[in-house]
Amino acid sequence: LKDTAGELGNALKSIDERLKKLEEKEGTTKNDAAVPDATTLYLEGLDLVRVNKDYEKGLQAFERFLSLYPDHELSDNAQYWIGEAYYATGDWEKAILEFNKVIKNYPKGDKVPAALLKQAFSFERLGAMKESGILLKKVIAEHPKSTEAEIAEKHLKEPDKEGTKDRKK
């Protein structure tokens with residue numbers, strides 16, 4: 001009986017080990033399938049926002065991207081598109097905050113000039129012309145060779161862009 005019990009004990013340990021290995025392997029496969037690669041997830045969010053105009057799902061995709069890949073080379077772009085989604089839906093305050101995250105979290109990122117410009121436009125939409133003008137001038141001063149600086153210069157030349165006229169939503 002002792003020999004049989006010992007053999008059964010060893011057999012159960014072996015089965016337990018094999019089950020653990022199978023569970024680990026299955027868990028890894030499930031997790032890998034549930035986490036898309038960074039580029040795929042980013043492009044999915046971009047497509048949702050730019051093409052489908054499904055801002056809610058686009059926001060979810062970009063927020064998921066940032067939670068999974070906070071230091072990826074596209075993280076500043078993902079953060080920028082979160083701001084764009086709020087801008088497109090007319091939530092100017094939230095857009096300002098999200099564009100500010102681009103500027104603060106990714107100061108060397110290529111989306112900083114665009115984020116500053118869209119912050120300026122968001123302030124303008126809120127009727128805060130002085131703040132808008134300051135940001136437009138900042139785009140020009142800090143990113144003089146950018147496309148955004150050209151847009152900011154043209155925008156400042158338009159009548160009533162430096163705080164003489166308040167414009168609401």
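Use the structure listed above.
A brief structural summary.

Conventions adopted
Residues numbered from 1 in each chain as written. Predicted model: local features only at pLDDT ≥ 70, side-chain atom pairs only at ≥ 80, totals over all residues. Heavy atoms only, no water. Helix = DSSP H or I, 4+ residues; strand = E, 2+ residues; numbered from the N terminus. Buried < 20%, exposed > 50% of the residue type's maximum accessible area, 1.4 Å probe, protein only. Contact = heavy atoms within 4.5 Å. Axes fitted to C-alpha atoms, helices over the stretch in contact; angles between N-to-C directions. Parallel < 35°, antiparallel > 145°, perpendicular 65-115°, else oblique. Left-handed = near helix turned anticlockwise from the far one by under 90°. Nonpolar A, V, L, I, M, F, W, Y, C, P; charged D, E, K, R; others polar. Patch = residues over 30% accessible without salt bridge, like charges linked within 9 Å, V, L, I, M, F, W, Y side chains within 5 Å. Areas by Shrake-Rupley, 256 points an atom, 1.4 Å probe, with all protein chains shown as cover. Salt bridge = Lys/Arg side-chain N within 4 Å of Asp/Glu carboxyl O. Expected span 1.5 Å × (residues − 1). Arc of directions from axis to C-beta.

1. As for the overall build of the chain
In terms of regular secondary structure, the chain is built from eight helices and zero strands. In sequence order, the secondary structure elements of the chain are arranged as α-α-α-α-α-α-α-α. Out of the 169 residues belonging to the chain, those deemed buried represent 40%. For the chain, long-range pairs separated by at least 24 residues make up 50% of all intrachain contacts whose partners lie at least 6 apart in sequence.

2. Some words on the packing of helix α4 (residues 75-88) against helix α6 (residues 112-125)
It is at 11 Å that the axes of α4 and α6 come closest, and there the two elements cross at 20°. When the axes of α4 and α6 are compared, the pair comes out roughly parallel. As for how α4 packs across α6, the hand of that crossing is left-handed. For the pair α4 and α6, contact is made by Y80, E84 and Y87 and by A114, A115, K118, F121, S122 and R125, respectively. Here the residues of the contact of α4 with α6 are counted per class, giving five nonpolar, one polar and three charged.

3. Examining the side chain of S132
Following the sequence through the fold, S132 ends up in helix α7 (residues 129-142). Here S132 falls in the buried class, since its relative accessible area comes to 0%. Every residue in contact with S132, bar those within four places of it in the chain, is listed here: A120, F123 and E124.

4. Regarding unusual backbone geometry
The residue K53 is not glycine, and still its phi comes out positive at about 55°. Relative to the elements of secondary structure, K53 occurs in the loop between α2 (38-51) and α3 (55-68). For K53, a relative accessible area of 49% gives the class partly exposed.

5. A short note on a nonpolar patch on the surface
Together, L12, I15, L19 and L22 line one region of the surface with nonpolar side chains, adding up to about 390 Å² of accessible area. If you trace the backbone, L12 turns up in helix α1 (residues 2-34). For L12, a relative accessible area of 53% puts it in the exposed group.

6. A short note on α3
Its 14 residues place the ends of α3 20 Å apart at the C-alpha level, agreeing with the 20 Å of an ideal helix rising 1.5 Å per residue. Buried residues of α3: Y55, G58, L59, A61, F62, F65 and L66, and no others. Taken end-on, α3 shows its buried residues confined to a sector of 165°, consistent with a single buried face. Residues of α3 that are exposed and point over 90 degrees away from its buried face: E56 and S67.

7. Focus on the pattern of salt bridges
One pass over the full model with this rule turns up three salt bridges. The partner of K118 in a salt bridge is E84, and the shortest N-O contact between them spans 2.8 Å. In this pair, K118 sits in helix α6 while E84 sits in helix α4, placing the two residues 34 residues apart along the sequence. We classify E84 as buried; its relative accessible area is 12%. Between E98 and K101 there is a salt bridge, with the nearest N and O atoms lying 3.3 Å from each other. With a gap of three residues between them, E98 and K101 both fall in helix α5 (residues 92-105), about one helical turn apart. You can call E98 buried: its relative accessible area is 5%.

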